[in-house]
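Close look at the chain arrangement
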Amino acid sequence: MILVVMKIEMKKKSNYNCSSEKAKSVVFGFLPILTWLPSYPLKQYLFGDIVSGISTGVMQLPQGLAYAMLAAVPPVFGLYSSFYPVLLYTFFGTSKHISIGTFAVISLMIGGVAVREAPDSMFAVNGTNASQVVDFEARDARRVEVVVALTTLVGIIQLVLGLLRFGFLAIYLTEPLVRGFTTAAAVHVSVSQIKYLLGVHTARFNGPLSVVYSLDAVFRNIASTNVVTLIIGLVCTVFLYFIKDLNERFKKKLPIPIPGEIIVVIVSTGISYGMVMSENYGVEVVGKIPTGLLPPKIPDFSVFPNLFPDAFAISVVGFSIAISLAKTFALKHGYSVDGNQELIALGLCNFMSSFFHTFVVTASMSRSLVQESTGGHTEIAGLLASILVLLVVVAIGFVFQPLPTTVLAAIIMVNLLGMFKQLKDIPALWRTSKIELAIWLVSFFASVLLGLDYGLVVAMGFAILTVIYRTQCPKNALLGQIPDTGLYFDVDEYEEDVELGVTHEVVAGPKKQMDHVYNNGQMNENHTESDSEDDFFLQRLTPIHTIILDFTPVNFIDSVGAKCIKSVSQQLLFPKKTLEDRLVRSG
């Protein structure tokens, strides 16, 4: 006993001692780049990382511009969000293949908050009538402040959760829940882009039934569709879909994917500039893109109280998306990722970058697949992608000013095809798990109808209820022994297949003459009316030699469970006394 106590005390002291090895372990855990960069194999990895970095960077540019529209901020802020966080993740992240940056689902959630906190009605030049002129410059400036503050808060939440070792939070967002939620987000994103594709001007809606209101607004204004805008959008959509299908079919033969997005951006920008589409045809374009980087600025902390619920939801969703992708690639390539460190990395990326006018980022599925498939081996690929974005922002960002916004809408909608393919989950889940299908459907319809924020809460609540249901209503079966074998089967299921007698005898032993016969667990009553009813029910159904309790699936036993086991033991050891006690207590 003394020896055990001494060992425990020594272990406690070792946990609090600060040795050089422990300090080194803490530093290396916080900065994973120190573990792999010194041994980086230049000859084996560098070329693949360069090709991968350029390919991913080429995708980052148009997606950054496009997803900024979803976030309700000017397009240049999407470029900022494609540089700073990606650069930081190189130092703090543990995944070698995910591409950090803008993502449609997160951008849409951010945009909902920005529109709610800074609606058009706040910036009407002559009163609050929606038909009057809106001061777009003042509105966009305020929305940027709100989005930056939201990003700061998201970073703080993720950082704190990571330091508190809350990386396990992702397990509460089950795969059916996340896939149903992201499919619903794809519906929201698609609906929000229809007006850009058609060139009509409608208000942006947020909250419950926002999808219905958005569609209603588009159909009410469909007569004002800009035909040139629609033609450009449809041509770009068809071209991008064709390139995406081509890349998928010939991905084993192509050294790198065909960069369809950057091709349509460059070509459409050139055509728009040459034909002066903004002035001659009324085509809406990206507009002013300032050259260079903006100086750092402290976020507006006064809006934090209004943003906390949204920030927490975005924090959890963003981390869940990133960690699921990171674990997928880690399993494929044989390395491990640290969930807690990923939380810290995302928190630092969002928090530190927010001072440089970025919005919340997470991992992108499409870019991550490109980064991995084009030969990316380490985070160096992401670093090179961020440098490519930086060169564009600093040197040639103004070139994209004539880019039609309908092209960005086409890019967004084509990139959502992968999410809509998740609808195939429905028949698969119907065959495998009805409960998981219910989670998927509730997550989808709640998020579509109530909005992504309320939908996520409802989906998580329903998922927890299913866990409670499955815990409280487990499947149980009465096992019977097949005669002359050591096999035990579910009595009901076995009877459906084979008409054989199944006995409940646990072990072979001397057979006892009994007044009733058992057939497959069912008792045939052969007693006479003169028999005492109590004596009849006090008889054991079978000869009992040993009771084995299999507690393999039991995680813990509380006081109620202990009392239940004690009660069962007493009933088996002293069945007559136990029943008599029950009869006395019941009156």
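Residues numbered from 1 in each chain as written. Predicted model: local features only at pLDDT ≥ 70, side-chain atom pairs only at ≥ 80, totals over all residues. Heavy atoms only, no water.

Where an unreviewed UniProt entry is consulted, the protein appears under the name STAS domain-containing protein, with the organism given as Cyprinus carpio. Note on the protein: under the UniProt heading Subcellular location (unreviewed entry), the record states "Membrane". (UniProt positions renumbered as here; feature names shortened; annotations may be inferred.)

So, about the pattern of salt bridges. Per the counting criterion, the structure on display carries 13 salt bridges. Across the salt bridge formed by D216 and R220, the nearest N and O atoms sit 2.8 Å from each other. Taken together, the positions of D216 and R220, both in helix α10 (residues 210–220) and 4 residues apart, correspond to about one turn of that helix. Note on D216: relative accessible area 37%, which makes it partly exposed. The exposed category is assigned to R220, whose relative accessible area is 66%. K251 is the partner of E248 in a salt bridge, and the nearest nitrogen-oxygen pair spans 3.4 Å. Overlapping salt bridges bring together D120, R139, D140 and R143 as one network. (Salt bridge = Lys/Arg side-chain N within 4 Å of Asp/Glu carboxyl O. Helix = DSSP H or I, 4+ residues; strand = E, 2+ residues; numbered from the N terminus. Buried < 20%, exposed > 50% of the residue type's maximum accessible area, 1.4 Å probe, protein only.)

Turning our attention to the layout of surface pockets. Regions of empty space are outlined by a rolling probe, equal in size to a water molecule, passed over the atoms. Approximately 1,500 Å³ is the volume found for the second largest pocket. Surrounding the second largest pocket, 50 residues form its lining, A72, F136, R139, D140 and R143 being those nearest its centre. When contributions to the lining of the second largest pocket are tallied by element, the ones reaching two or more residues are α4 (42–70), α5 (76–81), α8 (136–163) and α9 (175–198). At 10 residues, α8 tops the list of elements feeding residues into the lining of the second largest pocket. For the lining of the second largest pocket, the class distribution of residues is 27 nonpolar, 11 polar and 12 charged. (1 Å grid on protein atoms, 1.4 Å probe; cavity = no way out; pocket = protein on both sides within 12 Å on 5 of 7 lines; lining within 4 Å. Points joined across faces, edges and corners; volume = space filled by probe spheres on them. Nonpolar A, V, L, I, M, F, W, Y, C, P; charged D, E, K, R; others polar.)

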